Amino acid sequence: MIHFVLHDAKDTVAVVVVEGVKAGTELSGWIMDENKSTSVMARQDIPIGHKVALVDMQPGDTVWKYGIDMGKVVAPIKAGEHAHVQNIKTKRW
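Residues numbered from 1 in each chain as written. Predicted model: local features only at pLDDT ≥ 70, side-chain atom pairs only at ≥ 80, totals over all residues. Heavy atoms only, no water.

With an unreviewed UniProt entry as reference, the protein is termed SAF domain-containing protein, source organism Azohydromonas lata.

This is the structure we're talking about:
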């Protein structure tokens with residue numbers, strides 16, 4: 001089962017595509033551009049359509065999604081955690 005997808009191998013977050021992701025679940029992912037698999041252990045419950053962090057990130061780090069710079073980290077994020085508005089902000093303002 002694929003739990004999350006990412007477009008580019010350099011992405012630091014991926015989108016959860018199934019309901020009911022619970023902390024402690026080993027998640028399987030698909031890297032679309034390379035047709036490869038990857039995995040991460042969920043550290044938190046993550047809703048469908050939300051992002052899961054694939055790597056540890058610190059405030060000021062760039063967040064990569066769909067192969068593009070989509071924002072900056074504003075609070076530490078560990079691989080497997082829910083990456084959302086509580087720890088990522090846009091760089092636009």
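## What to know about the UniProt feature "domain: SAF" (unreviewed entry) in the protein
For clarity, the threshold we go by: UniProt positions are given in the numbering used here, feature names are shortened, and annotations may be inferred rather than shown by experiment. Per the convention used, a helix needs a DSSP run of H or I reaching at least four residues, while a strand needs a run of E reaching at least two, with both numbered from the N terminus.
The positions UniProt marks with the feature "domain: SAF" (unreviewed entry) are residues 11–89. What you have in residues 11–89 is 0% helix and 42% strand, and the ends, taken at the C-alpha atoms, are 16 Å apart.

## A word on the pairing of strand E3 (residues 26–31)
The condition that has to hold: Exposure categories follow from relative accessible area, calculated using a 1.4 Å probe and restricted to protein chains: below 20% of the type maximum is buried, above 50% is exposed, and the middle band is partly exposed. By definition, two strands form a pair when at least two bridges between them are found by DSSP.
Covered by surrounding structure in E3 are Leu-27, Gly-29 and Ile-31 only, the residues Glu-26, Ser-28 and Trp-30 on the alternate face being uncovered. Pairing geometry for strand E1 (residues 4–6) and E3, over 3 bridges, is parallel. From the neighbouring strand, Phe-4 faces E3, where its bridge partner is Gly-29. When E3 meets strand E4 (residues 36–41), the two strands line up antiparallel, connected through 6 bridges.

## Let's talk about the pattern of salt bridges
Between side chains of opposite charge, a pair can form as their charged atoms come close. Worth spelling out the cut-off: Any carboxyl oxygen of Asp or Glu within 4 Å of a side-chain nitrogen of Lys or Arg constitutes a salt bridge here.
Taken as a whole and assessed by the stated rule, the structure comprises 3 salt bridges. Among the ionic pairs, Lys-36 bridges to Glu-34, the shortest N-O distance being 3.7 Å. Owing to a relative accessible area of 47%, Lys-36 belongs among the partly exposed residues under this scheme. Residue classification places Glu-34 among the partly exposed positions, given a relative accessible area of 39%. Put simply, Lys-91 and Asp-69 hold a salt bridge, and the shortest N to O gap is 2.7 Å. Taken together, the residues span a long stretch of sequence, with Lys-91 in the segment after strand E9 (88–89) and Asp-69 in strand E7 (residues 68–73) at a distance of 22 residues. Classification of Lys-91 as partly exposed rests on a relative accessible area of 42%. By relative accessible area, which is 35% here, Asp-69 ends up partly exposed.

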